Every structure is written in structure tokens, then in C-alpha cells.
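Remarks on the overall topology
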Amino acid sequence: MRIYAIVLLAGLFTWNTSYGQTFTLKSNTVGGQATLKEVFTGCGGENVSPQLSWENPPEGTKSYAITMYDPDAPTGSGWWHWLAFNLPTRTTSLEAGAGNPESNLMPEGAVQIKTDYGTLGYGGPCPPAGHGIHTYILTVYALDVESLPLDASARAAVVGFNLNAHVLEKASI
């Protein structure tokens, strides 16, 4: 019975033994629960994207992408709250509010597409009334290409396909 438990636990974790550190995403402004600062304006919030920073990218990283996704949205396909890509490798953090295209806080060359709200940039949490608890997954992708061959008119599914085709590693909050 103990051997089975050890095998099961080992299967729950992945690690990279060729590098000393793991690719990690952190935030100084958001943790286990969104605040009104991050919540979408349609739900009484300020719609400010969280501050993010990441470290220990895998060898061969040529660019990054950021996504925020809600798998609990009652759509059958979840809800995309933020998709940004073509962040250069010199970028290791984003200031709070960088998800607002008018803020000019994204690095040069970065692209943000329309969320499922139909607006460019970040669109914070706003689950339907009475729908219960939702999970919001912020992810940074380390990519093996300097840029994805997409622009701001790309759809989330196309961006997701390209991210998965070029991901070296990803880290999530």
C-alpha cells in the first residue's frame, strides 16, 4: 500500500532536474483571491490587471506570453480574460495595469488581443450572479520563438494553439 501511495504522489508532480530552479510566476497584487482592484468594471471593480513577475525561465526561451482564463464560466469553453504575447525575453515583470492598452505599460512589440468581453487587453473577473466560485488561472508561457505570427485580431483559440505549439514551460498562479 505504501509503494502505491509513493508512486501516486510522484505522479502528481513534475520537475526539471537539468536546471536548479523552477520557472515561477509571482504577483505582489493578487494571490488566492481577486480584489475589487482586479474585478471587471461591469461587476463594480476597477479592472486593473495584476502586477506579475517571473523567474528561472527555461533554456532556449525567446519570448513570453501571459493569459488569464476562467475554466468555470458557464460557456462550455471557459472564458478568456487576458491574452498577451510577443513579450521579449528581457521582460521579467509587468506592472499592475499593464493589461490596459492605453497605459502603454506593455513592452514594445507585445500584442494583446480581445478577451471574451470583446475588448482589447485585460478584463477582470465577473462571474454571473449566483454562479458560485470561479477559478482564474494566470499563466506565463516561455516560448521557443521570438514572436508568434499573429496580431491583435487573432482569436483566443488561435493564440492558444500557437502557444501550445511553442511552449517550453509555463508557470501559473
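This text gives an overview of the structure that appears in the document. Treat the numbers as computed from the prediction; the structure is a model and nothing was measured. (Residues numbered from 1 in each chain as written. Predicted model: local features only at pLDDT ≥ 70, side-chain atom pairs only at ≥ 80, totals over all residues. Heavy atoms only, no water.)

With respect to the nonpolar core
By size, the foremost hydrophobic cluster in this structure holds 19 residues, and its most contacted members are W54, I66, W82, L94 and V140. Not counting residues within four places of it along the chain, the set of residues in contact with L94 comprises P50, Q51, L52, W54, I66, W82, L87, M106 and P107. Membership of the second largest hydrophobic core comes to 15 residues, among which are F85, V111, L150 and A154. (Core = buried A, V, L, I, M, F, W, Y, C linked by side-chain atoms within 4.5 Å. Buried < 20%, exposed > 50% of the residue type's maximum accessible area, 1.4 Å probe, protein only. Contact = heavy atoms within 4.5 Å.)

Points about the sheet that holds strand β1 (residues 24–26)
Across the sheet, three strands lie side by side as β1-β2-β5; this open sheet has antiparallel pairing. Edge positions in the open sheet fall to β1 and β5 (93–94), since each of these has one partner strand only. By the bridge criterion, two bridges tie strand β2 (residues 52–55) to β5 in an arrangement that is antiparallel. Bridge assignment links S53 to a residue of β5, and that residue is S93. (Pairing = 2+ DSSP bridges. Helix = DSSP H or I, 4+ residues; strand = E, 2+ residues; numbered from the N terminus.)

Overview of the state of the cysteines
For the structure on display, the rule yields one disulfide. For C43, the disulfide goes to C126, at an S-S distance of 1.8 Å. Taking the sign of the torsion about the S-S bond as the criterion, the disulfide between C43 and C126, at about 75°, is right-handed. On the criterion of sequence distance, the pair formed by C43 in the loop between β1 and β2 and C126 in the loop between β6 (111–112) and β7 (137–143) is long-range, its members being 83 residues apart. (Disulfide = S-S within 2.5 Å.)

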